[in-house]
Amino acid sequence: MQSSDPILQTRGLSVYYGNKQAVSDITLDVVRHRITAIIGPSGCGKSTLLRCFNRMNDLIPKFRATGQVLFEGRDLYSPTVDPTEIRYQIGMVFQRPNPFPKSIFDNVAFGPRINGFRGNLAELVESSLIRAALWEEVKDRLTSSALSLSGGQQQRLCIARALAVQPQVILMDEPCSSLDPIATLAIEDLMRELSTEYSIVIVTHNMQQAARVSDFTTFLMGVEKLGGQIIEYGETRLIFTNPKDERTEAYITGRFG
Amino acid sequence: MAASHPQFDRRMARRQWEGRAFQGLCLLAVAVALALLVVLLVYLAHQGLSRVSWEFITSFPSRVPEQAGIKAALLGSIYVVTIAAVVAFTLGVCTAVYLEEYSVRNWRTRIIQVNITNLAGVPSIVYGILGLEIFVRSLGLGRSVLAGGLTMALLVLPIVIIAAQEAIRSVPPSLREGAYALGATRWQAIWHLVLPQAMPGILTGLILAVSRALGETAPLIVMGALTFVPFAPDGPLSRFTVLPIQIFNWTSRPQAGFHEAAAAGIIVLLVLLLTMNAAAIVLRNQFQRRPEG
């Protein structure tokens, strides 16, 4: 399970919301410039785990984590780490597209602006939109509202927005669950392209999607009172063709979940 | 027609009739309210419209009913309401931001919340006593237009806070998350996303607050606004009167000429109210329309 070049690692990570344990004892490596999928039945703590990587859980009252989350070997939950400082290095795309009620340009420019970008903003916005495969569709209407875009375009805009602050990792929380199949395929193609430059972690309830796009797969399952635990982790190819655990096999063959 | 079932007594005709009756009742309520308003306006216009003139607006009050004007009271009202609006907006929005975005929900914030809601229902005369004690006496502002404006600010503060809180709460959490995920600080998320989105709702609250402040009389009488002011306020510490006080003063005089002046004053007050509301609505629409923030 130890990979040679991890960018994110968790070591014995457990998360609690008040007295309720959400995930327990997660030890996982996220390999650099690869796509890691987190799959598992509803409520098994997939999103909770994902949100530990950029400390988005901090916003939830009564959240508590034990164990370590290491980013480039540095503990993200150490008291000296400022969560806002890691969030621009570890970008996030949400389940429902959440463009800001601003123009397309200002959506992409938002991150650079608040992070004190001093270069050529127009160039950065263009290159981010190109990398998110949205430029051709919006280049003539950068000043129109982002809310006028279709759902799939909005989600690619959110990806462009995340790319504009030059992150190293992109976390995706079921990014296609509110999109139609064609928009879903566009996002999946995009993820494959982005994985040459970025490390991607994707939570999905869609096993076909995990099989199609990811290099590594983690199968998480809820255990009574302990929350989600890793049942199996490995190369996607092996998980889907030759699962070692019978629960993994049951899940990927669609017998539950 | 659907087949009838013995266990159902659908009584369609009666239900339809009830529906129409209720609709009629609602229409009647609207008609009564509108009719009263129309009667008021017609009465006012009949009594006072002939007195409304540029001269009426630019003259100071006088012992002679025909020469009495409303300049001092009009300026006083504008001063008081402007001070109240600026102060209440600033304090109110900051309070609402703190309660909604920063404070942790616990028994202490719940007590604060209950108190703010209750303050909105405290009789306005109590605010007058408070203003008299704090601004007029303790802070030594005297019976000035500034003290009056600050008292009015206190009076309308709960309205502004509650409206701003509701507006802030209606901004979807996903927008805040999106900003945080890009490395925004809490302040940046509030300033660049939450407040611009909440601004139309906040301004609606401000419209209500200003309308209230413009019509209130009791607190200003308690804190010692004048009733006869033959001068325009020349600064924040100037003594003053406001339109409702001037109108009240005129209606309590025996001469019919003053009653006409009172009716004319009410017309001016209504026009001022409509102007201020219209200005706030235009401002609100500006916020709603523009695509970039």
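Every value quoted in this text rests on a predicted model; they were computed, and no experiment measured them. (Residues numbered from 1 in each chain as written. Chains lettered and ligands numbered in written order. Predicted model: local features only at pLDDT ≥ 70, side-chain atom pairs only at ≥ 80, totals over all residues.)

(A) Molecular detail of the overall build of chain B. Within chain B, the regular secondary structure consists of eleven helices and zero strands. Element order for chain B, N to C, with α for helix and β for strand: α-α-α-α-α-α-α-α-α-α-α. The C-alpha atoms of chain B give 25 Å as radius of gyration, which overshoots the globular expectation for 293 residues (19 Å, by more than 25%). Expressed as lengths along the three principal axes of its C-alpha atoms, the size of chain B is roughly 80 × 60 × 40 Å. For chain B, restricting intrachain contacts to residue pairs at least 6 apart in sequence, the fraction spanning at least 24 positions comes to 76%. (Helix = DSSP H or I, 4+ residues; strand = E, 2+ residues; numbered from the N terminus. Rg over C-alpha atoms; globule rule 2.2 N^0.38 Å. Contact = placed C-beta atoms within 7 Å.)

(B) Structural context of the overall build of chain A. When helices and strands are tallied, chain A shows ten helices and ten strands. By its C-alpha atoms, chain A is 55 × 40 × 35 Å across when sized along the principal axes. Out of the 257 residues in chain A, the part that is buried amounts to 49%. Once local pairs closer than 6 in sequence are excluded, the contacts in chain A between residues at least 24 apart make up 69%. (Buried ≥ 20, exposed ≤ 12 C-beta atoms within 10 Å, placed from the backbone.)

(C) Structural view of unusual backbone geometry. The backbone of A:Arg55 shows a phi angle near 55°, a positive value even though the residue is not glycine. Not every positive phi belongs to a glycine, and A:Gln166 is a case in point at roughly 60°.

(D) Broad picture of the interface of chain B and chain A. Taken together, the contact between chain B and chain A spans 18 residues of the former and 25 residues of the latter. Mapped by element, the contributors of at least two residues to the side of chain B that touches chain A are helix H7 (173-181) and helix H8 (186-215) of chain B. A total of six residues in the side of chain B that touches chain A trace back to one element, the largest contributor, which is H7(B). Per-class residue counts for the side of chain B that touches chain A are eight nonpolar, eight polar and two charged. (Nonpolar A, V, L, I, M, F, W, Y, C, P; charged D, E, K, R; others polar.)

(E) Broad picture of the packing of helix H5 (residues 124-138) of chain B against helix H6 (residues 145-169) of chain B. Residue and element names in this part refer to chain B. Between H5 and H6, the shortest axis-to-axis distance is 9 Å and the interhelical angle comes to 135°. Looking at the two axes, H5 sits oblique to H6. Between H5 and H6 the crossing geometry is right-handed. Residues Ser124, Tyr127, Gly128, Leu130, Gly131, Phe135 and Val136 of H5 touch H6, and the partners they reach there are Ala147, Leu150, Thr151, Leu154 and Leu155. Broken down by class, the residue content of the contact of H5 with H6 amounts to eight nonpolar, four polar and no charged. (Axes fitted to C-alpha atoms, helices over the stretch in contact; angles between N-to-C directions. Parallel < 35°, antiparallel > 145°, perpendicular 65-115°, else oblique. Left-handed = near helix turned anticlockwise from the far one by under 90°.)

(F) Layout of the packing of H7(B) against H8(B). Residue and element names in this part refer to chain B. Contact pair H7 / H8: the axes reach a minimum separation of 10 Å and the direction vectors enclose 155°. Accordingly, the angle class assigned to the pair H7 and H8 is roughly antiparallel. The crossing of H7 and H8 is right-handed. Residues Leu175, Arg176, Ala179 and Tyr180 of H7 lie in contact with H8, whose contacting residues are Gln188, Ala189, Leu193, Val194 and Gln197. Within the contact of H7 with H8, the residues separate by chemical class into six nonpolar, two polar and one charged.

(G) Spatial organisation of the nonpolar core. By size, the foremost hydrophobic cluster in this structure holds 158 residues, and its most contacted members are A:Val201, B:Ala84, B:Val156, B:Val160, B:Ala164 and B:Leu206. The biggest single contributor to this core is H6(B), with 18 residues. (Core = buried A, V, L, I, M, F, W, Y, C linked by C-beta atoms within 7 Å.)

(H) Region of interest: the pairing of strand S10 (residues 227-235) of chain A. Residues and elements named next belong to chain A. Of the strand pairs in this sheet, strand S9 (residues 216-223) and S10 are connected by eight bridges, and their pairing is antiparallel. Following the sheet pairing, phenylalanine 219 is matched in S10 by glutamate 232. Where S9 hands over to S10, the hairpin turn is made up of three residues, of which lysine 225 adopts a positive phi near 70°. (Pairing = 2+ DSSP bridges.)

(I) Representation of helix H10 (residues 243-251) of chain B within the structure. In terms of burial, H10(B) is a largely internal element, seven of the nine residues being buried. Among all positions of H10(B), only B:Leu243, B:Pro244, B:Ile245, B:Gln246, B:Ile247, B:Asn249 and B:Trp250 are buried.

(J) Broad picture of the environment of A:Thr36. All names here are of chain A. Topologically, threonine 36 is positioned in strand S3 (residues 35-39). Residue threonine 36 is classed as buried on the basis of its 26 C-beta neighbours within 10 Å. Between the C-alpha atom of threonine 36 and that of isoleucine 202, which follows or precedes it by 166 residues, the distance is 6.2 Å.

(K) Representation of the environment of B:Gly76. Residue and element names in this part refer to chain B. Along the chain, glycine 76 falls in helix H3 (residues 71-102). Judged by the 28 C-beta atoms lying within 10 Å of it, glycine 76 falls in the buried class. Residues glycine 76 and glycine 149, spaced 73 residues apart in sequence, show a C-alpha to C-alpha distance of 9.5 Å. Setting aside chain neighbours within four positions, we find glycine 76 in contact with Val145, Pro233, Phe240, Thr241 and Val242.

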